Each structure stands twice: as structure tokens, then as C-alpha cells.
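Observations on the model geometry
These are the residues of each chain, in order.
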Amino acid sequence: ALLILTMVTLHWRNSLVTEEMYFNELVKSFDEERALKLLESRTGRSIWISYAFSTTFTLLRLLFVTFLFSASCYLFYVRVSFSRLFAIVVKSDFVHLVPGVLKVAWFTTIEPNYVMQDLHQFPKFSIVDLFYLFAEIDDPMFRTAISQLHSFNLFEGLFCLTVALLLAQQEHIELSK
């Protein structure tokens, strides 16, 4: 179910960029003939390759994250099977679908007249975005200090919290561990 929803979300996000928008963006960097060739290559096989890559990447990411949590559980003397931990990670990974769904919902309902730049400037949901949301920050020292927070995504933190809560609930583990 997770892989299917990932594919659907990817399809929705790809459908936000129309051929005209993509062509106009390509013309900024290439001549018109080259832009037309690139536009033609975007359809067909390349879309299926992106779906296959997305599926493979999702599976590898889930396995890697499960391995990391498994190693952490081992180091803290928490006994949980890899398959149960994998199931918990898969359930928790549904959190990563939320940003894509929010982006599609925003541009199809709230702001239907968008351009490519709007898609690129849509919030990345980093912790820094919270600072800018609640306060106007003009101090350059403060901006420099919080600029490192761009790499921390809110949904990644929510994912880790969800894994911890599900693991604690299903394995009857105290959260202090």
C-alpha cells in the first residue's frame, strides 16, 4: 500500500508541471530545438524509469532505516525482530507522503494559477521555516545560526517520533529507553 501511494503521490506531483510550463523553463536554459527534444524525452520511458527508481529507492530507504533502528535497539538491549521493526517503519513512513499531498492539494485547490517558480518556492517544511513563519528575523547572526536547521525536515522528525511511539506501543517498551 505504501509503494502504491508513493507512486500515486509522485504521479500527482509530476502532473502539476504541465508541458507548457516545462517547455518555458527549458527555453530559459536551452535553445528552442533542444528544449523540444528534452520535452519529447520527458514522456514515455523516462516517466516509467522515475517510477521504478522511486519504488527501488523507497524499498532501499525502508530497509536502511530499519537496519539503523535495529542496530539502535540492539545497542540499548531492546529485543525486537527485524520483520516487526520493518513493519513499524513501513507504517511510520506514511508520514513522508504528507508533504507531497499538501503540495498537490495547495496547487490544485488554493492556488491553481501557479508557475514553475511557485512549485520550487513551496515550503520544504524544515525547522527554519517555523522560525520564519512566527517571526521576522533581521539579525544576520541569528540567520547564520539557524541556517543549519535547513537540513532538519519536520516530517523526518515526525517519522522518527512515530517509529518510537509505535515501537514502544507494540513492544511494551518504556520511552525512556
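Residues numbered from 1 in each chain as written. Predicted model: local features only at pLDDT ≥ 70, side-chain atom pairs only at ≥ 80, totals over all residues. Heavy atoms only, no water.

1. Points about the overall build of the chain
The criterion, for reference: The helix and strand labels rest on DSSP assignments: H or I over at least four residues marks a helix, E over at least two residues marks a strand, and numbering proceeds from the N terminus. Any residue under 20% of the maximum accessible area for its type is buried, any over 50% is exposed, and the rest in between are partly exposed; the area is computed with a 1.4 Å probe on protein chains only. Between two residues, a contact is recorded if the distance between any of their heavy atoms is within 4.5 Å.
When helices and strands are counted, the chain shows 10 helices and 0 strands. For the chain, the succession of helices and strands along the chain, N to C, is α-α-α-α-α-α-α-α-α-α. Taken over 177 residues, the chain has a buried fraction of 27%. Pairs at least 24 residues apart make up 66% of the contacts formed inside the chain by residues separated by at least 6 positions.

2. Comments concerning the nonpolar core
Condition: Nonpolar cores were defined as sets of buried Ala, Val, Leu, Ile, Met, Phe, Trp, Tyr and Cys residues, with membership established by side-chain atoms within 4.5 Å.
Ranked by size, the top nonpolar core spans 13 residues in total, and within it Cys 73, Val 80, Ile 88, Val 89, Phe 159, Val 163 and Leu 167 carry the most contacts. Those elements giving two or more residues to this core turn out to be α4 (45–75), α5 (82–92) and α10 (154–171). With sequence-adjacent residues up to four places away left out, Val 163 is seen in contact with Phe 69, Ile 88, Val 89 and Ser 92. If you look at the next biggest cluster of nonpolar residues, it comprises 9 residues, including Met 21, Val 95, Tyr 114 and Leu 119.

3. Some points on unusual backbone geometry
Phi at Tyr 77 takes a positive value of approximately 60°, unusual for a residue other than glycine. Along the chain, Tyr 77 turns up in the loop between α4 and α5. For Tyr 77, a relative accessible area of 65% corresponds to the exposed category.

4. A short note on a nonpolar patch on the surface
Worth spelling out the cut-off: Patch criteria: residues need more than 30% relative accessible area and no salt bridge. Like-charged residues are merged within 9 Å; nonpolar side chains of Val, Leu, Ile, Met, Phe, Trp and Tyr are merged within 5 Å. Surface accessibility follows the Shrake-Rupley procedure with a 1.4 Å probe radius. Residue values consider only the protein chains on display as shielding. Whenever a carboxyl oxygen of Asp or Glu lies within 4 Å of a side-chain nitrogen of Lys or Arg, that contact is scored as a salt bridge.
Together, Leu 60, Leu 63, Phe 64, Phe 67, Leu 68 and Phe 82 make up an exposed nonpolar region whose accessible area comes to about 600 Å². Counting residues per element, the nonpolar patch draws most heavily on α4, at 5 residues. If you trace the backbone, Leu 60 turns up in helix α4. Judged by its relative accessible area of 55%, Leu 60 falls in the exposed class.

5. Description of α5
Keep this limit in mind: Arc definition: directions from the helix axis to the C-beta atoms.
Among the residues making up α5, those that are buried are Leu 85, Ile 88, Val 89 and Ser 92. For α5, the angular spread of the buried residues around the axis is 100°, confining them to a single face.

6. Comments concerning the pattern of salt bridges
Evaluation of the coordinates by the stated rule reveals 1 salt bridge. For the salt bridge of Asp 93 with Arg 61, the shortest nitrogen-to-oxygen distance reads 2.6 Å. Of this pair, Asp 93 sits in the loop between α5 and α6 (98–110) while Arg 61 sits in helix α4, and the two are 32 residues apart along the sequence. Residue classification places Asp 93 among the buried positions, given a relative accessible area of 2%.

7. Details of the packing of aromatic side chains
What counts is decided by this rule: Only the six-membered ring of Trp is used, alongside the rings of Phe and Tyr, when aromatic pairs are assigned; centres must lie within 6.5 Å, and planes under 30 degrees apart are stacked while those over 60 apart are edge-to-face, with the rest tilted.
Counted by the stated rule, this structure contains 1 aromatic pair. Judged by centre distance (6.2 Å) and plane angle (20°), the ring pair of Phe 53 and Phe 57 falls under stacked. Placement of both Phe 53 and Phe 57 in helix α4 is noted, with a separation of 4 residues, approximately one turn of the helix. We classify Phe 53 as exposed; its relative accessible area is 60%.

Without other data, these values stay purely geometric and don't point to any function.
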